[in-house]
Amino acid sequence: MKRRLSREREDSPSSCEGPTDSCKRVRQPTEDSGDLPPDWARLPQEILLHIFQFLPLLDRAFASQVCRGWNEAFHMPELWRCFEFELNQPASSYLKATHPDLIKQIIKRHSNHLQYVSFKVDSSTESAEAACDILSQLVNCSLKTLGLISTARPSFMELPKSHFISALTVVFVNSKSLSSLKIDDTPVDDPSLKVLVANNSDTLKLLKMSSCPHVSPAGILCVADQCHGLRELALNYHLLSDELLLALSSEKHVHLEHLRIDVVSENPGQQFHTIKKSSWDAMVRHSPKFNLVMYFFLYEDEFGPFFRDEIPVTHLYFGRSVSKEVLGRVGMNCPRLVELVVCANGLRPLDEELIRIAERCQHLSAIGLGECEVSCSAFVEFVKMCGRRLSQLSIMEEVLIPDHKYSLDEIHWEVSKHLGRVWFPDMMPTW
Amino acid sequence: MVVNSVHWFRKGLRLHDNPALQEALNGAETVRCVYILDPWFAGSANVGVNRWRFLLESLEDLDTSLRKLNSRLFVVRGQPTDVFPRLFKEWNVTRLTFEYDSEPYGKERDAAIIKMAQEYGVETAVRNTHTLYNPDRIIEMNNHSPPLTFKRFQAIVNRLELPRKPLPTISQEQMARCQTKISENHDERYGVPSLEELGFKTHGDSSHVWKGGETEALERLNKHLDRKAWVANFERPRITAQSLFASPTGLSPYLRFGCLSCRVFYYNLWELYMKLRRSSSPPLSLFGQLLWREFFYTAGTNNPNFDHMEGNPICVQIPWDHNPEALAKWAEGRTGFPWIDAIMTQLRQEGWIHHLARHAVACFLTRGDLWISWESGMKVFEELLLDADWSVNAGSWMWLSCSAFFQQFFHCYCPVGFGRRTDPSGDYIRRYIPKLKDYPNRYIYEPWNAPESVQKAANCIVGVDYPKPMINHAESSRLNIERMKQVYQQLSHYRGLSLLASVPTIQEEAEPPMSDDSQASSSTAGQASTPTSSPHQPTPAPSTSPNSEPFTPNSSPTAAFPGAHSQRKRGRPSGPPKPTEFKSQAHQPSQRI
């Protein structure tokens, strides 16, 4: 519905930016504003914009149907800088999806406004395809941020690789100022990374590409060599190399803030390569404050190459069972450790290992223990040694084994005392 | 004034500790005990054959006990709203009694019946005996909202009066004063139906493990207490391989159907503890099993959407996958992971699995491996599990899938390792998956890793005689921990690197309890939260009002990475229609037992 706005549309030679600014503020000084009902049509454009930014998209869309002025405000570029495309099929997800008509409208009217874009797709191939279709059409886009996020199974991996690559390349070539790129669990490959680098090497700051099996160590090395502004990087261990670390620590390179590495076992008994201590040392020298986050998903007997030397890891997660021996090595070799999370361990008490970690990991402030065992006395000792620096202490109730000194009922008092706040272990329902 | 009473059994299938039934007998000239059942809907209700059998056995048991008191059980076919008007007229009913049902569906149904009874001039008497405490009282004491952490719940319970003492069982003298007119064709009209009548084909095998009924419940209680006394140990027992098998002293199904009064159990435990330990008062941990039950009843009583994700104010909205094929494999024990399959097989065959087994399969279905919604798992348990009821089942599934109650999601139960650590002998697997019985211990939890020679020797080839593993656990758990982290970080607006800090802490645990009450100072008061504490952890979204969403959406456009602020979905219909399989309004089955 388009209502004619009789009082508006007077020419204003002031600083307006073209056809979208037709609903300008027009004050008629002779009228007594106290008598008139508020005229929403007179709401200044910039205030309208400000208000619209707080509305969820659907409400904004409803508002845009009110009058031409509001409709024009709805289409102001500022409101279309950020967009998250949600692509879900009813057969594979409970979530709603961005309406196809809206997607068409965005591509038609706003693709050149888009700067921060993400795609959330469910586990169906159709959703991933739809994402690629949209990507291929973003020819006029100069994106700063792009995120491809699978909310369930990684459906991008099920697309024909070339289809995905060509869609992604459209963005790489046209954007030229990509600063943040999240492409985990996608079939991105070395050549497409070269295209990325060729066009965006000056601006790229963040790259998350865990579980991209088609990339080789050489491919990622190319990125590190050329993108000197890279501050955050996430990848799988098989892509990590001494050369990569050295490239990230080269003089031209900015300080790295955060490196996330996933170590995942494809087949049992897999052999992993080692990284030299000197490479890690170079990283620490170059970026003394950087965080090294490592997530391990290995069988117990695959830890051979790890934690033999000092490693500057700050956040450590063991997603499967990890042996007592390896935890002992962690205590010895991870002086920068800030957070340790252990999903499971064999059923032998980790008393000594915990005490050693308390001694040698002076920055430890968060610990989580799942299916493990620790005697109550050792645990109290551990907490005493760490003291108030432990801001996160998440211990499953079954972990704590009562001994002659402490029963389960007493232990939380002791621990709370040393922590300086009320603390209880995590519980699970028993019914 | 002649009093003709009707006592309506729903749960509470017992004659001991039954104040509502006592009330029916009080000064009454006639008393009839009814159970209302609609065989027409028996097939479509989400209730499996084991649960029906348990119920029917419990009803038979009631009937037998009532016979000894010169009465009978009247099993009336139909729906309460149709049945009662008929019975009120036919029997000249003046008083209707029943046990209080705290679940939202139950409250609604009962409100309608009470109103109808009023219209017929029938007085109603309702007594709260399915739970130890009155859920509304707990909610009131917690600033009018149900406690969302177990510790908080325990702290509140610690300050309550002890549960009311149980009443003795109905006696001959009591019944003698009231008559029950039994007609000749009672069995035809009001007899307990058989499984066949409900539409189930039984194959004549009556070797089932859990026998329903009050008699069995009380016998088991005695055995349970005997065993505790013998062990002289009230600590939570460490799980052994033996614990996985159905125990002759297990009580959970009997508590669920009310064949055993929870107060009787409570006070028996209490007395035994006092006798053996000569202590002043038992710690709350003694009643762990009972208190978890109370916790979930309380959490659900005012929340009709407690068993859904959508529209449930306490449930985190997680983008679960929709995959009926994968769900079926899990439900039918065909995942290719012997540990999971054995558990689901035991569940289907017998109707009970150990609580750690429940954790294992729930984790596998949801946040651990398959990334399927907890609602689907809940429905399978509802069908198969004898002790599942609406509140406890939904609540537990939300807890185990880290969808509510502020649980850390980092600990994942490995479908190979956890099983192996629990039962290194593999006997549990061999019992429930006979095909694998000749596998050596080394490979029985991961038969796909066994060399071909071993598989041949065991006469069970993976991929032919037994399924291949349906997923790669390492890869799935890697993906899923990322998903969980994404969801939680979006909710808590946490942008840091800590995995543990992604989950917000809840104010209620850090805050002191209501000021005036002084804590019991005995050494067993360890469970109560101390009055002197200050919130230490950052609590990002400080919304403590009861039914509002605990996390407020970030609608600011200045988020560093585009959040979903522009498209908040809750309660806003738009876009393509919702899938039709799972309806979003509270599904009202036509038959709940």
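Computed from a predicted model, the values in this text were never measured in an experiment.

Participant: Give me the UniProt feature "binding site: FAD" (unreviewed entry) in chain B: which residues, what numbers.
Facilitator: All names here are of chain B. Under the present numbering, the feature "binding site: FAD" (unreviewed entry) in UniProt falls on Gln-289, Leu-290, Leu-291, Trp-292, Arg-293, Glu-294, Phe-295, Phe-296, Asp-387, Ala-388 and Asp-389. For Leu-291, the location among the structural elements is in helix α12 (residues 288-300). On the accessibility criterion, Leu-291 (1% relative accessible area) is buried. In this structure, Leu-291 is in contact with Leu-132, Tyr-133, Phe-150, Phe-153, Gln-154, Val-157 and Leu-284, ignoring residues within four places of it in sequence. Residue placement: Asp-387 occurs in the loop between α16 (374-384) and α17 (390-400).

Participant: Outline the pairing of strand β2 (residues 30-37) of chain B, supporting the account with residue identities and numerical values.
Facilitator: Residues and elements named next belong to chain B. Counted residue by residue, β2 has 8 buried out of 8 residues, so it is predominantly covered. Sheet topology note: the strand β1 (residues 4-9)/β2 ladder contains 6 bridges and is parallel. Of the residues in β2, the one forming a bridge with Ser-5 is Val-31. Note that the unit made of β1, helix α1 (residues 19-25) and β2 has a crossover that is right-handed. Where β2 and strand β3 (residues 73-77) come together, 5 bridges link them in parallel fashion. Paired with Val-34 across the two strands is Phe-74, which belongs to β3. Taking the sense of rotation as the criterion, the β-α-β connection linking β2, helix α2 (residues 49-68) and β3 turns out right-handed.

Participant: So, the interface of chain A and chain B: which residues are in play, and what are the values?
Facilitator: Taken together, the contacts link 90 residues of chain A with 87 residues of chain B. At the boundary of chain A with chain B, total buried surface from both sides reaches about 8,100 Å², with 58% on carbon and sulfur atoms. For the interface between chain A and chain B, the tally reads 6 salt bridges. A salt bridge links A:Arg260 to B:Glu482, with the shortest nitrogen-to-oxygen separation between them at 2.7 Å. Our count for the chain A to chain B interface comes out at 18 residue pairs in polar contact (both at pLDDT 80 or more). Top element by residues in the side of chain A that touches chain B is strand β11 (residues 366-371) of chain A. It accounts for 6 residues. Looking at side-chain class alone, the side of chain A that touches chain B contains 41 nonpolar, 28 polar and 21 charged residues.

Participant: Which residues make up the confidence of the model for chain A, and what values do they have?
Facilitator: Across chain A, pLDDT averages 88, with 92% of residues at or above 70. Note that pLDDT drops below 50 for residues 1-27 of chain A; the model gives that stretch 40 contacts with residues more than four away or on any other chain.

Participant: So what's going on with the sheet that holds strand β13 (residues 392-395) of chain A? Residues and values would help.
Facilitator: Residues and elements named next belong to chain A. Across the sheet, 12 strands lie side by side as β1-β2-β3-β4-β5-β6-β7-β8-β9-β10-β11-β13; this open sheet has parallel pairing. Each having just a single partner strand, β1 (82-87) and β13 make up the two edges of the open sheet. Strand after strand, the sheet turns through a mean of 10° between neighbouring axes, direction not considered. As paired strands, β1 and strand β2 (residues 116-121) are joined by 6 bridges and run parallel to one another. Bridging from a neighbouring strand, Leu-87 pairs with Val-121 of β2.

Participant: Tell me about the domain arrangement of chain A, and name the residues and values.
Facilitator: Under the domain assignment used here, chain A contains domain 1 (43-79) and domain 2 (313-318 + 336-430). Look at where the C-alpha atoms of domain 1 of chain A and domain 2 of chain A centre, and you get two points 52 Å apart.

Participant: Please give an account of the nonpolar core that cites residues and values.
Facilitator: The biggest cluster of nonpolar side chains holds 291 residues, and the ones touching the most others in it are A:Leu146, A:Phe318, A:Phe379, B:Trp330 and B:Phe405. Sort the elements by how many residues they give to this core and helix α11 (residues 262-277) of chain B lands first, with 9 residues.

Participant: Lay out the domain arrangement of chain B with the relevant residues and their values.
Facilitator: All names here are of chain B. Examined at the domain level, chain B breaks down into domain 1 (1-130), domain 2 (132-165 + 215-302) and domain 3 (324-492). For domain 1 and domain 2, the distance between their C-alpha centres works out to 26 Å. At the junction of the two partners, domain 1 supplies 20 residues and domain 2 supplies 25 residues. Buried surface at the junction of domain 1 and domain 2, summed over both partners, amounts to about 1,900 Å²; 47% is from carbon and sulfur atoms. When the buried area of domain 1 at its contact with domain 2 is split by residue, His-16, Phe-54 and His-130 rank highest and sum to 31% of it. Residue Asp-17 is joined to Arg-164 by a salt bridge in which the shortest nitrogen-to-oxygen separation is 3.8 Å. Counting across the interface, domain 1 meets domain 2 through 14 residue pairs in polar contact (both at pLDDT 80 or more). Those elements giving two or more residues to the side of domain 1 that touches domain 2 turn out to be α2 and α4 (104-119).

The rules behind each value
Residues numbered from 1 in each chain as written. Chains lettered and ligands numbered in written order. Predicted model: local features only at pLDDT ≥ 70, side-chain atom pairs only at ≥ 80, totals over all residues. Heavy atoms only, no water. UniProt positions renumbered as here; feature names shortened; annotations may be inferred. Helix = DSSP H or I, 4+ residues; strand = E, 2+ residues; numbered from the N terminus. Buried < 20%, exposed > 50% of the residue type's maximum accessible area, 1.4 Å probe, protein only. Contact = heavy atoms within 4.5 Å. Pairing = 2+ DSSP bridges. Right-handed = clockwise from strand over helix to strand, strands pointing away. Buried area = accessible area lost by both parts, 1.4 Å probe. Salt bridge = Lys/Arg side-chain N within 4 Å of Asp/Glu carboxyl O. Polar contact = N/O pair within 3.5 Å; in protein donor to acceptor, adjacent residues only side chain to side chain. Nonpolar A, V, L, I, M, F, W, Y, C, P; charged D, E, K, R; others polar. pLDDT = per-residue confidence, 0-100. Axes fitted to C-alpha atoms, helices over the stretch in contact; angles between N-to-C directions. Domains from an automatic or database assignment. Core = buried A, V, L, I, M, F, W, Y, C linked by side-chain atoms within 4.5 Å.

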